[in-house]
Amino acid sequence: MDIVYISDLKVDTVIGIYDWERRIRQTVSLDLEMATDIRRAAASDHIDDALNYKAIGKRIIQYIEDSDFQLVETLAERVAELVRDEFGVTWLKLRLSKPGALRGSRDVGVIIERGERS
């Protein structure tokens, strides 16, 4: 199993449980590791044979910008489902953080793994 990753993808969205959070946009940060086999892409040197991280990143940005969840847990789960369903990723590890959400901490968030490693 090889890994294609996206690191520290920052997106502004509505996220939070408090009334004041529902009226503003906050930045979330996403790290994503996705299982793939890069041998075919390496042999052909063609993007059609690769897991296209640019297409995945653009889709995640659009989805998160348009979302309106209360919990980072819900947002993380939905992004994982999107990547697995729309891009055929069999396993992923996703870290979603909300910088500045807890005084004295750089960020807080969740790390989830979905699917089967092969």
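Residues numbered from 1 in each chain as written. Predicted model: local features only at pLDDT ≥ 70, side-chain atom pairs only at ≥ 80, totals over all residues. Heavy atoms only, no water.

**A few points about the environment of E73**
Along the chain, the position of E73 falls in helix α4 (residues 72-87). With 44 residues separating them along the chain, E73 and S29 place their C-alpha atoms 13 Å apart. (Helix = DSSP H or I, 4+ residues; strand = E, 2+ residues; numbered from the N terminus.)

**Regarding the pairing of strand β2 (residues 26-36)**
Both strand β1 (residues 2-15) and β2 contribute to a ladder of 10 bridges, which runs antiparallel. Pairing of V4 across the sheet is with M34, part of β2. (Pairing = 2+ DSSP bridges.)

**Quick look at the side chain of T13**
With respect to the element layout, T13 can be found in strand β1. Relative accessible area serves as the criterion here: at 0%, T13 is assigned to the buried category. A polar side-chain atom of T13 sits 3.1 Å from a polar atom in the side chain of S67. Once residues within four sequence positions are removed from consideration, T13 is found in contact with I24, R25, Q26, V28, I64, E65 and S67. (Buried < 20%, exposed > 50% of the residue type's maximum accessible area, 1.4 Å probe, protein only. Polar contact = N/O pair within 3.5 Å; in protein donor to acceptor, adjacent residues only side chain to side chain. Contact = heavy atoms within 4.5 Å.)

**Thoughts on the packing of aromatic side chains**
For the structure shown, the criterion picks out zero aromatic pairs. One Lys or Arg, R117, reaches over the ring of W91 and ends 4.3 Å from the middle of that ring. (Phe/Tyr/Trp six-rings, centres within 6.5 Å; stacked < 30°, edge-to-face > 60°. Lys NZ or Arg CZ within 6 Å of the ring centre and 35° of its normal.)

**Topic: the packing of helix α3 (residues 53-66) against α4**
Running from N to C, α3 and α4 point in directions that differ by 140 degrees, and their axes come no closer than 11 Å. On the basis of the axis angle, α3 is oblique to α4. The hand of the α3/α4 crossing is right-handed. Contacts from A55, I56, R59, I60, Y63 and I64 in α3 reach L75, R78, V79, L82, V83, E86 and F87 in α4. Here the contact of α3 with α4 is built from residues that sort into 10 nonpolar, no polar and three charged. (Axes fitted to C-alpha atoms, helices over the stretch in contact; angles between N-to-C directions. Parallel < 35°, antiparallel > 145°, perpendicular 65-115°, else oblique. Left-handed = near helix turned anticlockwise from the far one by under 90°. Nonpolar A, V, L, I, M, F, W, Y, C, P; charged D, E, K, R; others polar.)

**Some remarks on the nonpolar core**
Core analysis: the largest hydrophobic core is formed by 27 residues, its most contacted members being L30, L32, M34, I60, V83, L94 and L96. It is α4 that contributes the most residues to this core, seven residues altogether. (Core = buried A, V, L, I, M, F, W, Y, C linked by side-chain atoms within 4.5 Å.)

**Some words on the pairing of β1**
Regular strands place their side chains on alternate faces of the sheet. Pairing of β1 with strand β3 (residues 68-69), which is carried by two bridges, proceeds in the parallel orientation. When the sheet's bridge partners are listed, V14 is paired in β3 with D68.

**A few points about a nonpolar patch on the surface**
The grouping of I17, Y18, W20, I24 and L71 at the surface amounts to a nonpolar patch, some 510 Å² of accessible area in total. If you trace the backbone, I24 turns up in the loop between α1 (19-22) and β2. (Patch = residues over 30% accessible without salt bridge, like charges linked within 9 Å, V, L, I, M, F, W, Y side chains within 5 Å. Areas by Shrake-Rupley, 256 points an atom, 1.4 Å probe, with all protein chains shown as cover. Salt bridge = Lys/Arg side-chain N within 4 Å of Asp/Glu carboxyl O.)

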